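Inside the fold
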Amino acid sequence: MARTELKQLGEFGLIDHLSQRIHPQHPETLLGIGDDAAVLDQGNGLVTLVSKDLLVEGIHFDLHYTPLKHLGYKAIAVNVSDIAAMFGTPKQVLVGIAVSNVFSVEDIDALYEGVELACGDYKVDLVGGDTTSSKIGLVISVTVLGIAKKEEVVYRKGASENDIICVTGDLGAAFTGLQVLEREKQVFLANSDMQPELEHYEYVIERLLKPKARMDVVYELKELGVLPTSMIDISDGLASELFHLCRASQLGCAIFEDKLPIDSQTDQTLLELSIDPITAALNGGEDYELLFTIRQGDFEKIKNNPHLHFIGYMMSATKGKKLATKGGNSIDLKAQGWVHM
Ligand code: ADP
Ligand code: MG
């Protein structure tokens, strides 16, 4: 039989391929594969949201520069982020770990200190998991459960033409933090007497090692009575996530280069590293900010919110996906994404 390499499909292609054989059997399964979380009907006007994210040593984190406590925090935060992306409220998590004997009980304690801290911050209960040994490094698998009112779930689909595209926080910082840490790791590996120089890079490093799920923004929008028309969290990079929203909503989009939020330390560090900040903002992964669309009529309610940036608008699919450059040109947006495979 012919052999197809995984890289021919890529991560998203593989998920599409697998999902073709999967057919939910229960009417309660309102949505299975294809969004940030599955949506399960509780029958009382509420839905359960459920999602899983896997963190694998050497792929998603490097223990040379990732403190276990931060890693535990991040494992929870990135899962909560997927519940935020459905406009839901996280409630419980299950934590599975595969560990080798290079880890001590104290190490696992440190990991769980971070887990506990995040569970406190996001008000979720750790209700179970699984523990096994590993020969290939540390693996952390977290499943998160959340709830939402059935009518208030926000999907990747649902945006309309002329809806305003919003993004929270700032972009490209986690990618920048990764570049700094990789640089220092190479210096250290070449000469172990050299201590890493991480002063002036605290913000970008923290953004990589200890990302936050933007539940604060979800609660704020709910309070203001703003229901986004579509939403996704930014794990793979803005451009890639915009492609998901456009595909799900069967639309195109236009975004403005000069509206992309980039923090000053990110900008400064990228300048030093000779990396284009716009490329980092569009394609750098792991920011875990929220990308969503709102009706024009809701703009007044949130226009002064300092956490929110209005970067463009949705348009018909026939107009494509465009980036308006600072120089006044309109170019095709490319989604390079954040490729793990
Ligand atoms: P996110 O970046 O929000 O975590 P992913 O891109 O990982 O989302 O996943 C997209 C969708 O595909 C989700 O609905 C997820 O549950 C589903 N999915 C991912 N991997 C698998 C798999 N191996 N089997 C079944 N469904 C999967
Ligand atoms: Mg997601």
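First, a word on what this report is: a plain description of the structure on this page. (Residues numbered from 1 in each chain as written. Chains lettered and ligands numbered in written order. Predicted model: local features only at pLDDT ≥ 70, side-chain atom pairs only at ≥ 80, totals over all residues. Heavy atoms only, no water.)

Things to note about the sheet that holds strand S10 (residues 290-294)
Here is the rule we go by: A pair of strands is labelled paired if DSSP reports no fewer than 2 bridges between them. The way it works is that DSSP assigns letters per residue, a run of H or I at least four long becomes a helix, a run of E at least two long becomes a strand, and they are numbered from the N terminus. To define axes, lines are fitted to C-alpha atoms, for helices over the stretch in contact only, and angles between the resulting N-to-C directions are given on a 0 to 180 degree scale.
Pairing is mixed in the open sheet, where seven strands are placed in the order S8-S10-S7-S11-S9-S12-S13. With one partner strand each, in any of the chains shown, strand S8 (230-233) and strand S13 (330-332) form the two edges of the open sheet. Averaged over all neighbouring strand pairs, the angle between strand axes comes to 25°, with direction disregarded. Where strand S7 (residues 164-168) lies against S10, four bridges are found, and the strand directions are antiparallel.

Quick word on the coordination of the magnesium ion (ligand 2)
To be explicit about the condition: Coordination shells were defined by N, O and S atoms within 2.8 Å of each metal, extended to 3.2 Å for Na, K and Ca; water is absent from the atom set, which can make sites look incomplete. Per-residue accessibility, obtained with a 1.4 Å probe over protein chains only, is compared with the maximum for each type, and a residue is labelled buried under 20%, exposed over 50%, and partly exposed between these values.
Taken together, the protein ligands of the magnesium ion (ligand 2) are Asp36 (OD), Asp82 (OD) and Asp233 (OD), with distances of 2.0 to 2.1 Å. One chain supplies every donor to the magnesium ion (ligand 2), and in sequence these donors are spaced D-x45-D-x150-D. One end of the pair, aspartate 36, is in the loop between strand S1 (29-31) and strand S2 (38-41); the other, aspartate 82, is in helix H2 (residues 68-84), and 46 residues separate them in sequence. Neither aspartate 36 nor aspartate 82 differs from the other in exposure class; each is buried.

As for the site of ligand 1
For clarity, the cut-off: Being near a molecule or strand, for a residue, comes down to having at least one heavy atom within 4 Å of it. Any pair of nitrogen or oxygen atoms within 3.5 Å is treated as a polar contact; in protein, a donor-acceptor pairing is required on top of that, and neighbouring residues in sequence qualify only through side-chain atoms on both sides. Only the protein chains shown count as cover for residues, and all accessible areas are computed by the Shrake-Rupley method using a 1.4 Å probe. For this classification, the nonpolar set comprises Ala, Val, Leu, Ile, Met, Phe, Trp, Tyr, Cys and Pro, the charged set comprises Asp, Glu, Lys and Arg, and every other residue, Gly included, is treated as polar.
Close contacts around ligand 1 come from Phe12, Ile15, Leu18, Ile33, Gly34, Asp35, Asp36, Asp53, Asp82, Arg156 and Ser235, and that covers them all. One of the backbone N or O atoms of glycine 34 is found 2.8 Å from an oxygen atom in ligand 1. For ligand 1, an oxygen atom lies 3.0 Å from a polar atom in the backbone of aspartate 35. Contact with the protein chains removes 64% of the 560 Å² of surface that ligand 1 exposes when unbound. Counting residues per element, the shell around ligand 1 draws most heavily on helix H1 (residues 6-19), which supplies three residues. Partitioned by chemical class, the residues of the shell around ligand 1 number four nonpolar, two polar and five charged.

Regarding a nonpolar patch on the surface
This is how it is decided: The patches reported here contain residues having more than 30% relative accessible area and no salt bridge. Joining distances are 9 Å for like charges and 5 Å for nonpolar side chains (Val, Leu, Ile, Met, Phe, Trp, Tyr). Salt bridges, as used here, are contacts in which a Lys or Arg side-chain nitrogen is within 4 Å of a carboxyl oxygen on Asp or Glu.
Taken together, the side chains of Phe12, Ile15, Leu18, Ile22 and Ile33 present a nonpolar region at the surface, about 430 Å² in accessible area. Position of isoleucine 22 relative to the elements: it lies in the loop between H1 and S1. On the basis of relative accessibility, which here comes to 45%, the residue isoleucine 22 falls in the partly exposed class.

What about helix H3 (residues 105-122)?
Using the following cut-off: Here the expected span of a helix is defined as 1.5 Å times the quantity of residues minus one. By definition in these notes, contact holds between two residues if any of their heavy atoms fall within 4.5 Å.
With 18 residues, H3 ought to run about 26 Å at 1.5 Å a step, and its terminal C-alpha atoms sit 26 Å apart, in line with that. Buried-residue contacts for H3 involve H2, strand S4 (89-99), strand S5 (125-133), strand S6 (139-149) and helix H6 (215-224).

Comments concerning the state of the cysteines
As a reminder of what qualifies: Here, the term disulfide refers to a pair of cysteine sulfur atoms separated by no more than 2.5 Å.
What the rule picks out here adds up to zero disulfides. The thiol sulfur of cysteine 166 is not disulfide-bonded, and the nearest other cysteine sulfur, from cysteine 253, lies at 13 Å. Exposure remark for cysteine 166: the relative accessible area of 0% places this residue in the buried category.

So, the pairing of strand S11 (residues 308-316)
Of all nine residues making up S11, seven are buried, and the element is well covered by its neighbours. Pairing of S7 with S11 involves five bridges; the strand directions are antiparallel. Across the sheet, isoleucine 165 pairs through a bridge with glycine 312, a residue of S11. With five bridges connecting them, strand S9 (residues 251-256) and S11 associate as antiparallel partners. Residue pairing across strands places leucine 251 opposite serine 316, the latter belonging to S11.

Brief notes about the sheet that holds S4
Spatially, the six strands line up as an open sheet ordered S1-S2-S3-S6-S4-S5, and their pairing is mixed. Of all strands in the sheet, those with a lone pairing partner are S1 and S5, marking the two edges. Sheet twist, expressed as the average angle between the axes of neighbouring strands with direction ignored, equals 20°. Two strands pair when backbone bridges link them, and S4 and S5 are joined in this way by eight bridges, in the parallel orientation. Each residue of the ladder has a partner; that of valine 99, found in S5, is serine 133. Packed on one face of the sheet, H3 meets S4, S5 and S6 and runs near 170° to S4.

Considering the pattern of salt bridges
Applying the stated criterion across every chain yields a total of 19 salt bridges. Where lysine 185 meets aspartate 62, a salt bridge forms, and the shortest distance between an N and an O atom there is 2.6 Å. In this pair, lysine 185 is assigned in helix H4 (residues 173-190) and aspartate 62 in the loop between strand S3 (46-56) and H2, connecting sequence segments 123 residues apart. Judged by its relative accessible area of 14%, aspartate 62 falls in the buried class. Residues aspartate 298 and lysine 301 are paired through a salt bridge, measuring 3.0 Å at the closest nitrogen-oxygen approach. Here the salt bridges share partners, and the residues they tie into one network are Asp170, Arg207, Arg214, Asp216, Asp287 and Glu289.

Nothing here speaks to function; it is geometry throughout.
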